[in-house]
2 protein chains.
Amino acid sequence: MSVEKPVILVTNDDDITSKGIRVLAEAMQELGEVIVIAPDRPQSGQGHAITINSPIRIRRSRVFDSLVAYETTGTPADCVKLGKHLILKDRKPDLVVSGINHGSNSAISVLYSGTMSAAMEAAIEGIPAVGFSLANYHPEADFSHTVDYLTLIARQVLEKGLPKHVALNVNFPARVEEPIKGIRLCRQADARYLEHFQQREDPYGRPYYWLDGEFVNFDTGHDTDEWALANNYVSIVPCKTDLTAYAALEELKTWSL
Amino acid sequence: MSVEKPVILVTNDDDITSKGIRVLAEAMQELGEVIVIAPDRPQSGQGHAITINSPIRIRRSRVFDSLVAYETTGTPADCVKLGKHLILKDRKPDLVVSGINHGSNSAISVLYSGTMSAAMEAAIEGIPAVGFSLANYHPEADFSHTVDYLTLIARQVLEKGLPKHVALNVNFPARVEEPIKGIRLCRQADARYLEHFQQREDPYGRPYYWLDGEFVNFDTGHDTDEWALANNYVSIVPCKTDLTAYAALEELKTWSL
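Because the structure is a prediction, the values reported are computed rather than measured. (Residues numbered from 1 in each chain as written. Chains lettered and ligands numbered in written order. Predicted model: local features only at pLDDT ≥ 70, side-chain atom pairs only at ≥ 80, totals over all residues. Heavy atoms only, no water.)

## Description of the pattern of salt bridges
A side chain with one charge may pair with a side chain of the opposite charge, provided their charged atoms come close.
All names here are of chain A.
At step 1: Under the definition given, this model contains 34 salt bridges over all chains.
At step 2: Between Glu121 and Lys81 there is a salt bridge; the shortest N-O distance is 2.9 Å. Linking Glu121 in helix H4 (residues 114–124) with Lys81 in helix H2 (residues 76–87), this pair joins segments that are 40 residues apart in sequence.
At step 3: Glu121 gets classed as buried once you look at its relative accessible area, which sits at 1%.
At step 4: Accessibility expressed as a relative area gives 1% for Lys81, which makes it buried. (Salt bridge = Lys/Arg side-chain N within 4 Å of Asp/Glu carboxyl O. Helix = DSSP H or I, 4+ residues; strand = E, 2+ residues; numbered from the N terminus. Buried < 20%, exposed > 50% of the residue type's maximum accessible area, 1.4 Å probe, protein only.)

So this is what it looks like as structure tokens:
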């Protein structure tokens, strides 16, 4: 009996040449037929941006020796759309994985994250999806401790599926001396950036601004992704595409509208 | 006794010269001290993108005769950050309003919408916020039927505040013959785009692609934003920045992780 291998679409937001997507694509080869469709330039912080004010270019990529790979001028969300509607067309991917992001996407970062937007785009389309991120921004970060977890989590998602319109946000602690303690299922922490803008001056005397800030955790719960990462666990937060604040709906009913 | 007027930050994603932001800024003058900080170019579909790979420029805008206004190279979310952290600095806005978007941001569009991302950015920062959109893409769309609702809703938000990390997604039906029936508090409909890519060829024989598609409502509920708009009501969906799928957390506990 021949069993068709699952098709796994791999994307990211750091760009197709980054170390993280290479680690992820290689790990996924153990589980299925891998196709890489990723941005040809850094798309960090792109959130759920899609390209509608300009056209998109696509070309075959030579970045991966033995994999079918495309690089595009699109955003991470665009890459998933291109995979489903154009490149794979007659076959819906069985799984979309995004990352491994160089840098954490825990807590509120999920909203800014191109990595997670690719996964959420898949969830909109009813495709099981996972975004993977490492709490280390370095281009040469050590991903070796993530590999077993990548296949463990992706295999479970392929086997069990995910609830409708839900994607997983998986974050890995940066490599430390002690080994990872395991996986925690978490809620999104109430943590965010305390920000400011750095003002600089160009050679012509005109000001320009860089967003800068530090990440602060306001959440004291032990059930959050921030707690898990700080305590050397892999965090998994299931995220949904329905943003409705159902509890707030009740409160609004008391208004004079 | 002198009472300080509330500070209302107005932004959008269509760009500072669009008709919708003018209607909104003018309506808000009735309620407080208005400052406009908006993109200097179209930013539709930008989702929750922020500018971190390039610096941001800001300049005073002459688009509004009698209002303090700035145009920036940033995204809608950047504009809110610039308002809070740089331009207003010593005074947090009392309300952030975004729009009026030329085009609906109901259902899943909330994830792609720069208009709503500006409101969500404010919600992250604990500032009451509302995104307003009209179900008509035309640059010269008729907004006259929205004005009374803009002030009604904004006034209520100023008076009552909003639950923590919640912003309102308000959509108006396009102008039709019969008058608007009123306001409905709604959940986000399970409706999305059925998409494809148009392939075209540039003068040099190379292909390029445009995202195209039609919006389809899969949701038969009468409590959704899509139902409200189709039945000539103004829809209000409260949206939260916590994406955790709490119901899915329970299901994941049964996995072998």
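Following the structure, the description resumes.
## Overview of the UniProt feature "binding site: a divalent metal cation" (unreviewed entry) in chain A
At step 1: If you check UniProt for "binding site: a divalent metal cation" (unreviewed entry), the listed places come out as A:Asp13, A:Asp14, A:Ser44 and A:Asn101 in our numbering. What stands out for the annotated residues spanning 89 residues is how close their C-alpha atoms remain, the widest pair being 8.9 Å apart.
At step 2: Structurally, A:Asp14 can be placed in the loop between strand E1 (7–11) and helix H1 (19–28).
At step 3: Apart from residues no more than four positions distant in its own chain, A:Asp14 is found in contact with A:Arg41, A:Pro42, A:Ser44, A:Ile100, A:Asn101 and A:His102.
At step 4: A distance of 2.9 Å separates a polar side-chain atom of A:Asp14 from the backbone nitrogen of A:His102.
At step 5: On the secondary structure map, A:Ser44 appears in the loop between strand E2 (33–39) and strand E3 (58–60).
At step 6: With near-sequence residues (within four places) excluded, A:Ser44 lies in contact with A:Asp13, A:Asp14, B:Ile52 and B:Asn53. (UniProt positions renumbered as here; feature names shortened; annotations may be inferred. Contact = heavy atoms within 4.5 Å. Polar contact = N/O pair within 3.5 Å; in protein donor to acceptor, adjacent residues only side chain to side chain.)

## Quick look at unusual backbone geometry
At step 1: In this chain, A:Gly99 is followed by A:Ile100 through a cis amide linkage whose omega measures -15°.
At step 2: With a phi angle near 50°, A:Ala107 is a residue other than glycine that sits in the positive phi range.
At step 3: Its place among the elements puts A:Ala107 in the loop between strand E5 (95–102) and helix H3 (109–112).
At step 4: In this structure, B:Asp15 is a non-glycine residue whose phi angle is positive, near 120°.
At step 5: Structurally, B:Asp15 can be placed in the loop between strand E1 (7–11) and helix H1 (19–28).
At step 6: In this structure B:Asp15 comes out as buried when scored by relative accessible area, which is 12%.

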